[in-house]
Amino acid sequence: MAVERTLSIIKPDAVEKKKVGAILAMLEDAGFSILALRRQHLSREVAEGFYAVHKERGFFRELVTFMTRSPVVIAVLERDDAVKQYRGVMGATDPAEAAANTIRKAFGANKGENAVHGSDSVENARIEIAYFFPASEVAPSA
Ligand code: CMP
């Protein structure tokens, strides 16, 4: 299985609940290496740019308002098959449908306030990582 990278965002709801450490521990326990990590309060412009693919969706304004209400923690994760494996650890978008032992089951409240974001493909992971981190801020693989 190929070693891949994916982008994780711990969203405002989980940061407010002080679950950053618990979530990072779940990720390390699941075999991910954290190659870059930053806490950042997203501006409206940055959040709208990140979620541009969703701009025609009915929930877009709500999503941007939520993602900008307080700081997030953004991480670059690496392991074999990282995109799929991280989506497994995150759980379904709606925490009510997320499997046991997933981050969204443990810490998500609803489809909007669902604790974490993860890239949905290797190609989007590349784009999303570059959106937040210049190559010089991503540590080389261990
Ligand atoms: P994320 O992985 O960050 O990418 C897009 C986000 O849109 C998604 O997680 C959800 O949190 C959010 N989203 C999807 N559907 C809804 C919805 N019906 N209402 C509010 N937010 C939503």
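Bear in mind that the values here come from a model prediction, so they are computed numbers and not experimental data. (Residues numbered from 1 in each chain as written. Predicted model: local features only at pLDDT ≥ 70, side-chain atom pairs only at ≥ 80, totals over all residues. Heavy atoms only, no water.)

Asks: Would you explain the site of the ligand in this entry?
Replies: Neighbouring the ligand are K11, Y51, H54, F59, E62, L63, T93, R104, K111, G112, N114 and H117. Side-chain polar atom of K11 to an oxygen atom of the ligand: 2.8 Å apart, as the coordinates give it. Alone, the ligand offers 460 Å² of accessible surface; in the complex the protein occludes 80% of this. When its residues are assigned to classes, the shell around the ligand shows three nonpolar, five polar and four charged. (Near = heavy atom within 4 Å. Polar contact = N/O pair within 3.5 Å; in protein donor to acceptor, adjacent residues only side chain to side chain. Areas by Shrake-Rupley, 256 points an atom, 1.4 Å probe, with all protein chains shown as cover. Nonpolar A, V, L, I, M, F, W, Y, C, P; charged D, E, K, R; others polar.)

Asks: Before we go on, may I ask you to explain the sheet that holds strand β3 (residues 72–80) in this structure?
Replies: Either a parallel or an antiparallel arrangement is found when strands of a sheet pair, and the pairing is made through backbone hydrogen bonds. Overall, antiparallel pairing links the four strands, which are arranged β2-β3-β1-β4 in an open sheet. Strands with a single pairing partner mark the edges of an open sheet, and in this sheet they are β2 (33–40) and β4 (116–118). Averaged over all adjacent pairs, the angle separating strand axes in this sheet is 20°, with direction ignored. Direction of pairing for strand β1 (residues 3–10) relative to β4: antiparallel, over a ladder of three bridges. Counted as the bridge partner of I9 is H117 from β4. Lying on the sheet, helix α2 (residues 20–29) is in contact with β1, β2, β3 and β4; it crosses β1 at an angle near 165°. (Pairing = 2+ DSSP bridges. Helix = DSSP H or I, 4+ residues; strand = E, 2+ residues; numbered from the N terminus. Axes fitted to C-alpha atoms, helices over the stretch in contact; angles between N-to-C directions. Contact = heavy atoms within 4.5 Å.)

Asks: Whenever I open this one, the environment of K84 confuses me. Can you help?
Replies: Tracing the backbone shows K84 in helix α5 (residues 82–90). On a C-alpha basis, the gap between K84 and A2 in space is 11 Å, while along the polypeptide they are 82 residues apart.

This is a description of form; function is not addressed.
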